[in-house]
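Single-letter residue listing:
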Amino acid sequence: MAMPTRALFQDPLRSKSTPLFKFMLFLFLLSMVLGHETVEVEHYPLVVSTWPFVEAVRAAWKAADGGSTAVDSVVEGCSTCEELRCDGTVGPGGSPDENGETTIDALVMDGATMEVGAVGAMRYVKDGIKAARLVMQHTEHTLLVGEKASSFAISMGLPGPTNLSSSESIEKWAKWKANNCQPNFWKNVLPENSCGPYRPTSYLEHTDETCLKTYAMQTTDLRFLDLGHRIHDTISMAVIDRMGHIAVGTSTNGATFKIPGRVGDGPIVGSSAYANEEVGACCATGDGDIMMRFLPCYQVVESMRLGMNPELAAKDAIGRIARKFPDFMGGIVAVNKKGEHAGACHGWTFQYSVRSPGMKDVQVFTVLP
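Cut-offs used in this document
- Residues numbered from 1 in each chain as written.
- Predicted model: local features only at pLDDT ≥ 70, side-chain atom pairs only at ≥ 80, totals over all residues.
- Heavy atoms only, no water.
- Pairing = 2+ DSSP bridges.
- Helix = DSSP H or I, 4+ residues; strand = E, 2+ residues; numbered from the N terminus.
- Axes fitted to C-alpha atoms, helices over the stretch in contact; angles between N-to-C directions.
- Contact = heavy atoms within 4.5 Å.
- pLDDT = per-residue confidence, 0-100.
- Parallel < 35°, antiparallel > 145°, perpendicular 65-115°, else oblique.
- Left-handed = near helix turned anticlockwise from the far one by under 90°.
- Nonpolar A, V, L, I, M, F, W, Y, C, P; charged D, E, K, R; others polar.
- Buried < 20%, exposed > 50% of the residue type's maximum accessible area, 1.4 Å probe, protein only.
- Phe/Tyr/Trp six-rings, centres within 6.5 Å; stacked < 30°, edge-to-face > 60°.
- Salt bridge = Lys/Arg side-chain N within 4 Å of Asp/Glu carboxyl O.

A. Region of interest: the sheet that holds strand E7 (residues 235–240). The strand order E4-E3-E2-E8-E7-E1-E13-E14 describes an open sheet built from eight strands, whose pairing is mixed. Of all the strands in the sheet, just strand E4 (143–145) and strand E14 (363–367) have a single pairing partner and so form its edges. Adjacent strand axes in the sheet meet at a mean angle of 15° when their direction is disregarded. With three bridges joining them, strand E3 (residues 116–122) and E4 adopt parallel strand pairing. Looking at the pairing, alanine 118 lines up with leucine 143 of E4. Packed onto the sheet, helix H4 (residues 54–65) meets strand E1 (46–50), E7, strand E13 (350–355) and E14 and runs at close to 25° relative to E7.

B. Region of interest: the sheet that holds strand E12 (residues 341–346). Pairing within the open sheet is antiparallel, and its four strands lie in the order E9-E10-E11-E12. Looking at the sheet topology across the chains shown, the edges are occupied by strand E9 (273–276) and E12. Each adjacent strand pair in this sheet contributes to an overall mean axis angle of 10°, direction not counted. Seen against the sheet, helix H11 (residues 296–305) touches E9, strand E10 (280–286) and strand E11 (330–336) and runs at an angle of roughly 150° to E10. Those strands touched by helix H12 (residues 310–324) are E11 and E12, and its axis lies near 20° from that of E12.

C. Here's a closer look at the confidence of the model for the chain. This prediction gives the chain a mean pLDDT of 86; 80% of its residues lie at or above 70. Scored below 50 in pLDDT, residues 1–16 shows nine contacts in the model against residues more than four places distant or in partner chains. Note on residues 27–41: pLDDT under 50 across the span, and seven contacts to partners over four residues away in sequence or across chains.

D. The packing of H4 against helix H5 (residues 70–84), seen in detail. Taken N-terminus to C-terminus, the directions of H4 and H5 make an angle of 150°; their axes are 7 Å apart at the nearest point. As judged from the angle between their axes, H4 and H5 are roughly antiparallel. Considering only the axes of H4 and H5, their crossing is right-handed. In this structure, H4 contributes Glu55, Ala56, Ala59, Ala60, Ala63 and Ala64 to the contact, and H5 contributes Ser73, Glu76, Gly77, Thr80, Cys81 and Leu84. Tallied by class, the residues present in the contact of H4 with H5 amount to seven nonpolar, three polar and two charged.

E. Seen up close, the pairing of E9. Of the two faces of E9, the one lined by Ala273 and Ala275 and the one lined by Tyr274 and Asn276 are each fully buried. In this sheet, E10 lies alongside E9 in antiparallel orientation, the contact comprising four bridges. Its bridge partner being in E10, alanine 275 is matched across the sheet by alanine 281. Linking E9 back to E10 in an antiparallel pair, the connection comprises three residues.

F. Structural detail: unusual backbone geometry. Going from tyrosine 44 to proline 45, the amide bond is cis rather than trans, its omega being -5°. Residue position: proline 45 is located in the loop between helix H3 (37–40) and E1. Here the residue pair glutamine 182 and proline 183 is connected by a cis peptide bond, since its omega of 0° sits within 30 degrees of zero. Among the secondary structure elements, proline 183 is positioned in the loop between helix H8 (167–178) and strand E5 (189–191). If you check the backbone angles, alanine 121 has positive phi at about 50° while not being a glycine. Tracing the backbone through its elements, the reader meets alanine 121 in strand E3.

G. Structural view of the environment of aspartate 87. Tracing the sequence through the fold places aspartate 87 in the loop between H5 and strand E2 (104–110). Classification of aspartate 87 by relative accessible area gives partly exposed; the value is 36%. Residues aspartate 87 and aspartate 233, spaced 146 residues apart in sequence, show a C-alpha to C-alpha distance of 7.6 Å.

H. Main features of helix H6 (residues 128–138). Across the 11 residues that make up H6, a large majority, eight, are buried. Among the residues of H6, those classed as buried are Gly128, Ile129, Ala131, Ala132, Arg133, Leu134, Val135 and Met136. Lining the buried residues of H6 we find H5, E2, E3, E4, helix H7 (146–155) and strand E8 (246–252).

I. The packing of aromatic side chains, seen in detail. Scanning the model with the defined rule gives eight aromatic pairs in all. Of the aromatic side chains, those joined through ring pairs into one cluster are Trp51, Trp348, Phe350, Tyr352 and Phe365.

J. Layout of the pattern of salt bridges. Per the stated rule, a full pass over the model turns up 14 salt bridges. Note that arginine 123 is salt-bridged to glutamate 147, the shortest N-O span being 2.7 Å. Of the two residues, arginine 123 sits in the loop between E3 and H6 while glutamate 147 sits in helix H7, which places them 24 residues apart along the sequence. Classification of glutamate 147 by relative accessible area gives partly exposed; the value is 42%. Of the charged contacts in the structure, one is a salt bridge between aspartate 127 and lysine 126, with a shortest N-O distance of 3.3 Å. Three or more residues joined by partner-sharing salt bridges are found here, namely Glu55, Arg58 and Asp361.

Structural data, given as structure tokens:
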């Protein structure tokens with residue numbers, strides 16, 4: 001008796017007893033459990049940070065590799081930099097303002113929810129990035145500033161009030177005062193004495209216009225020539241956790257000898273940092289007063305959304321600023337969802353740090369202007 005045609009040509013995948021069917025079923029179930037991790041495991045977690053802040057990147061990587069969220073990992077990394085007072089420009093004890101006081105700017109952004117928390121010109125509280133996270137977690141606001149930011153942070157459990165100055169910052173401030181408070185960030189003003197108070201210059205009331213214009217130019221130029229990049233270092237960090245979620249964070253004590261009350265680009269979302277889980281992230285550092293006018297990190301992420309790779313996106317954002325302000329100093333690092341990263345800079349040699357699963361330790365990349 002002839003066998004039915006169906007039995008002769010039965011697909012082995014349809015037989016639940018075949019080893020091939022069981023193996024393919026196992027792979028299917030595994031992919032359902034792991035989700036996109038089966039694709040991204042070779043890329044994630046990933047930590048990228050401005051400057052050779054190696055210990056901060058190690059701390060963030062350890063947290064992310066241990067299963068912490070992107071937000072918690074970026075807070076861990078930036079907190080480490082604050083504790084170490086990286087370069088004297090992050091955390092307490094550095095970058096005194098005109099009155100000799102140190103204040104803190106910080107930001108955290110969740111690239112999945114697009115939530116942001118930030119503090120600016122915060123006094124008396126040393127934990128900038130933790131205060132920023134509290135703003136994000138417990139308020140509907142994005143940015144709190146000054147003493148009210150300090151009061152909020154302390155009320156939410158952070159230690160304070162604390163004197164954020166140090167012997168090093170006070171000594172730096174004293175030397176600056178002895179140098180007639182030069183260089184500084186004032187322009188188009190006439191000092192009544194070497195360190196102010198200042199008043200606006202009226203060229204109609206003063207006959208020696210050439211002298212006054214020269215003074216205004218010198219005070220603007222000298223701040224870069226004498227102080228270099230250390231007047232405005234920021235740790236700006238991006239973390240992609242094991243699940244592929246992205247967050248960014250920043251912390252800085254701002255520009256050295258800044259005018260009291262100044263808020264830099266550190267807590268300005270889209271300027272010092274930006275993240276979008278669908279695309280990638282950006283970290284920036286430099287002359288924040290100029291860079292925040294262009295929102296370079298928002299520009300970078302949107303450029304990558306439109307198809308630019310990280311290198312072209314970073315160079316494009318830097319170029320937009322340089323065409324208007326050829327003397328500015330700044331650096332940008334961009335990273336996309338694939339884990340590809342690149343930097344661009346202008347006016348200085350910029351470095352950024354990376355830790356990925358394929359690395360035994362943090363690697364520092366150098367970008368030439």
